[in-house]
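Structural overview
One letter stands for each residue in the lines below.
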Amino acid sequence: MTTPMMRQYREAKDSHPGMLLFFRMGDFYELFEDDAVQAASLLQLTLTSRDGSMPMAGFPHMQLDTYLRRLLQAGLRVAVCEQVEDAAQAKGLVRREVTRVVTPGTLTEDDLLEPRSSNRLLALAPASGGRVGLAWVDVAQGTIRLAEMDRAGAIDLIGLLDPAEVLVPDNAAGRTEALALGVRDDRLTRRPDWQFEREAARQALRERFSVTTVAGFGVEEDSVGVTGAGALVAYLRETLPAGQAHLELKPYETGELVRMDEAVARGLELVRAGTREGREGSLWEAIDRTRTAMGARLTRDWLLAPLAGRGAVSARHDAVEALLADDGARESLRSRLKEIGDLERVAARAGSLRASPRDLAAVRRALTLAPEVLSILAVEGLAGSLAPQAGRIDTCPELAELLSLGLADDPPAQPGEGLVIRPGFDPEIDELRAAREGGKEWLARYQASEITRTGIPSLKVGYNSVFGYFIEITHANTGKVPPDYHRRQTLKNAERYITPELKNHEEKVLGAEERIKARELELFGQMRQMALNHAARLRNTAGALAELDALAGFAEFSRERGCVRPELLSEDCPSILEVTEGRHPVLEGLLPGGTLVPNDLRLGPDHGMLLLITGPNMGGKSVYLRQAGLMVVLAQAGCFVPAKSCRLALVDRVFTRIGAGDDLNRARSTFMAEMIETASILNGATARSLVLLDEIGRGTSTYDGVSLAWAICEDLHERVGCRTLCATHYHELAQLAERMPRARALRVEVRETAKEVLFLYRMQPGSTDKSYGIHVAARAGVPQAVVSRARVLLEELERAYRSGNQAGPSGKAVPAEPPQTVIRNPRLIQSSLFANTEDPVLEELRALDLSRVSPAEALELLARWRRELGGK
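Residues numbered from 1 in each chain as written. Predicted model: local features only at pLDDT ≥ 70, side-chain atom pairs only at ≥ 80, totals over all residues. Heavy atoms only, no water.

With that out of the way, let us pick up the overall build of the protein. Helix and strand content of the protein: 30 helices and 28 strands. Its C-alpha radius of gyration of 37 Å places the protein more than 25% over the 29 Å reference for a compact globule of 872 residues. Considered along the principal axes of its C-alpha atoms, the protein spans approximately 150 × 70 × 65 Å. The buried share of the protein, taken over its 872 residues, is 50%. Put simply, of all contacts in the protein between residues at least 6 apart along the chain, 67% involve residues at least 24 apart. When the accessible area of the protein is evaluated, it comes to approximately 39600 Å², of which 51% is carbon and sulfur surface. Across the protein, 109 positive and 121 negative side-chain charges occur, with their mean positions spaced 3 Å apart. (Helix = DSSP H or I, 4+ residues; strand = E, 2+ residues; numbered from the N terminus. Rg over C-alpha atoms; globule rule 2.2 N^0.38 Å. Buried < 20%, exposed > 50% of the residue type's maximum accessible area, 1.4 Å probe, protein only. Contact = heavy atoms within 4.5 Å. Areas by Shrake-Rupley, 256 points an atom, 1.4 Å probe, with all protein chains shown as cover. Lys, Arg positive; Asp, Glu negative; His and termini not counted. Charge placed at Lys NZ, Arg CZ, Asp CG, Glu CD.)

Set out below in structure tokens:
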């Protein structure tokens, strides 16, 4: 089909390859050909055909955002082709243009985004030698970050950034590399290979930032990160042609932040708890007291990327302390911030010429409140600590004045839907509005004057949508009609006329509405252009306000929970982490007041660098591990911590091996996933890192598992020397506390009575030899018959072990196999898994030559054996 309209459609479609095209036709958006088939399936639209051959589907224009949201969730991109001239005034085919390109990574519309989550676009540039170039941006924030790193680092970073859209070269290698780095296939957008060529990328950056070299931004021109940034800028030029004015370029400084991977965020449940959707149950939800969506997003980012430098962390602590000390100033500030709202995304829309009248009203409100915020920050006690944020707040007086004078108090969502321009701002609009609104009074006066002039008392002035305005006179009075009356319509009992004066009024009144809309649109365009010119200043202001909101949120959380400022030790101090009466920040908010048991934590050369934690299931071991990690994350993000006191030497990296689960997408079993994370820990941890291990080695056979766990703990203690907490049901690992000088054993306190077992959730020095697994199974509702049978089997296994033999539930003894390991004194059922291994004390005693042992040496040996066997 080659009609003019279809040629117009195909021109727009060919200009936006890889996108669905919404083609505006009157009050509907239409899709054709393959787009129609795909959209009909995804959106449940009725699929029809044009002339019986071309597939078609459509929907009413007011449902645009609803359908856009669903397509974006499916990972698709959409070009919206609008009618850009009035169909009634068009000569021939209505002119249409693509006015909007919507992709998952370039969204700024509130209706299409989660308000409290960042929305990032990332470009991935593969390179030789296992290196990867990354460049990413949240369009609302406007800062393009770029980095070059190895694949392991890229996997960590991409997992934390969680980009909504990832640009890759169109060749097969680009997609393969992205998938290997953990990017989901439905988030990939393929781009021309040439845009990822080094020279083309550098040229794109030079043109965008009007420079001859990008070295002035602190980046190396030969970095593959620059290649990614160039490809990203080229994509933004296509999708946001007017929205690049507020962009800036910065290198990603890995040394400034604590390095954490997606496994840490998942294990510590920083922003999402388990498999739940949203943030419920996460640390982010537990501490977030922000009053704006931009503040909530920044809080999330701070939790995922804590600071590594002592000066930067101290600066945030100073700000929180100042806000915490002045309740009145803090509440006043939070109140103003709530009124300001999400200026960050509003500024992004202003920077892409997408600002609506209500967006400009939000800008006006923010600029009106900005001086009040500055006054609050100037009070004694806040001025010093919050000076960096105050110095970035720009009141933009020219823009504020224009919006205050010209924009209506309560403008509509879109131009043409209501009053946009304030009365009194523009004389032309005021005159047109007066003509429109004074039409009835004029008609009444005109009718009265014509009755007097013609002497016809029954003369009426009226209006209908077909003939417009008219003067109606009965047939009986047609002889009195003046010469300037021109017949317009004949009725059964009357004639209708028009006069030059009435015609002029008709043209003025009927054209007033369109002229008002056109003039309002013109003035609104001027306001929007000025907002575009101020976009960078608005973005800087929004960034400062978001920081204030996040810091005030930290202060409010600290006030509510009675948190304490952490004491940060200097870099030359030993790696210490000491917490007195620490409380889990998430559980404390979920449990009834006073029911959470606080616990101390001591890590350091004097208290042990490796803590081996044993205890029953459901006793609190994993909580204790997570609590340690959350204390560090909170402290280095800039927040106070829920504890009586806290001292720490800053960590450079946090590692976790918490939780278990298959990674079916990458064909990895539970144990393989566990070992990959463990390998990352052993290869990446330094003496300043924090490592949290929960049930390491449990995904394989017990022999393999305990051997690996033992060797891993030894390596972390002897070679790495970092702060490590290891919770385990392999009670044999507690022996490491006796064998290694900087290892200590902790156990969860349990109180046993004749009738029940009470978990006290309190950590004590020492180890335990029971897991109380059968007790936990009973509490979980396992049938009593199964529980009872398990107790019988347990007794048989314990009795068999105590007899020196390995036995099955049948009771038939099996001679113990020769010793194969040095692990001593396996205990009860846990240790029965090692029952074929002879106790090393017996082995040593059997090999001892008594004739060569002096009395003093014999006493020393007896004392050591007694200690190893659990005696006092």
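With burial as the criterion, only one face of strand 12 (residues 248-251) is covered, namely that bearing Leu-249 and Pro-251; the residues Glu-248 and Lys-250 on the opposite face remain uncovered. The sheet contact formed by strand 9 (residues 143-150) and strand 12 spans 4 bridges and is parallel. When the sheet's bridge partners are listed, Leu-146 is paired in strand 12 with Pro-251. (Pairing = 2+ DSSP bridges.)

Another point: the confidence of the model for the protein. In the predicted model, the protein carries a mean pLDDT of 86, and the fraction of residues at 70 or more is 91%. In this model, residues 662-667 is a region of pLDDT below 50 whose contacts with residues beyond four sequence positions or in other chains number 5 contacts. Every residue in residues 805-837 scores below 50 in pLDDT, and together they form 75 contacts with partners more than four places removed in sequence or on other chains. (pLDDT = per-residue confidence, 0-100.)

It is worth spelling out the pairing of strand 20 (residues 610-614) at this point. In terms of burial, strand 20 is a largely internal element, 5 of the 5 residues being buried. Residue alternation in strand 20 divides its side chains into two sets, Leu-610, Leu-612 and Thr-614 and Leu-611 and Ile-613, and both sets are buried. Where strand 20 lies against strand 24 (residues 723-727), 4 bridges are found, and the strand directions are parallel. The residue bridging Leu-612 from the neighbouring strand is Cys-726, located in strand 24.

Attention now goes to helix 16 (residues 397-406). Taken residue by residue, helix 16 has Leu-399, Ala-400, Leu-403 and Gly-406 as its buried positions. Angularly, the buried residues of helix 16 cover 160° about the axis, an arc narrow enough to put them on a single face. Against helix 14 (357-377), helix 19 (500-533) and helix 20 (535-561) lie the buried residues of helix 16. (Arc of directions from axis to C-beta.)

Pairing within the open sheet is mixed, and its 4 strands lie in the order 17-21-18-19. Whereas interior strands pair on both sides, the edge strands pair on one side only; in this sheet they are strand 17 (567-569) and strand 19 (599-603). When strand polarity is set aside, the average angle formed by the axes of neighbouring strands in this sheet is 15°. Bridge count for strand 17 against strand 21 (residues 645-649) is 3 bridges, and the pairing is parallel. Across the sheet, the residue bridging to Glu-567 is Arg-647, located in strand 21. (Axes fitted to C-alpha atoms, helices over the stretch in contact; angles between N-to-C directions.)

The subject of this paragraph is the environment of Gly-159. Inspection of the secondary structure puts Gly-159 in helix 4 (residues 151-161). Placed 691 residues apart in sequence, Gly-159 and Leu-850 show a C-alpha to C-alpha distance of 62 Å.

Okay, the side chain of Glu-221 next. Residue position: Glu-221 is located in the loop between helix 6 (198-209) and helix 7 (224-239). With a relative accessible area of 16%, Glu-221 lands in the buried category. Residue contacts for Glu-221: discarding those within four places in its chain leaves Arg-202, Arg-206, Thr-212, Thr-213, Val-214, Ala-215 and Val-226.

This part covers the sheet that holds strand 14 (residues 468-474). If you walk across this open sheet you meet the 4 strands as 13-14-16-15, and the pairing is antiparallel. Here the strands that pair on one side only, and so sit at the sheet edges, are strand 13 (460-464) and strand 15 (486-490). This sheet shows a mean twist of 40° between the axes of neighbouring strands, independent of strand direction. In the packing of helix 18 (residues 439-454) onto the sheet, the strands contacted are strand 13 and strand 14, and the crossing angle to strand 13 comes to about 140°.

Turning next to the nonpolar core. Membership of the largest hydrophobic core comes to 110 residues, with the highest contact counts inside it found for Leu-270 and Leu-725. Take this core: its biggest share by element is 12 residues, from helix 20. Discounting chain neighbours no more than four positions away, the residues touching Leu-270 are Met-260, Val-264, Ala-265, Ser-282, Leu-283, Trp-284, Leu-303, Leu-304, Leu-630 and Val-633. Of all hydrophobic cores here, the second largest spans 25 residues; its members include Leu-146, Ala-229, Leu-236 and Leu-247. (Core = buried A, V, L, I, M, F, W, Y, C linked by side-chain atoms within 4.5 Å.)

Turning our eyes to something else, we now look at the state of the cysteines. Using the criterion set out here, one finds 0 disulfides in the structure. Unpaired in terms of disulfides, Cys-646 finds its nearest cysteine sulfur in Cys-563, a separation of 11 Å. According to the relative accessible area criterion, Cys-646 is buried, its value standing at 4%. Cys-722 carries a free sulfur, and the closest cysteine sulfur to it, the one in Cys-713, is 10 Å from it. (Disulfide = S-S within 2.5 Å.)

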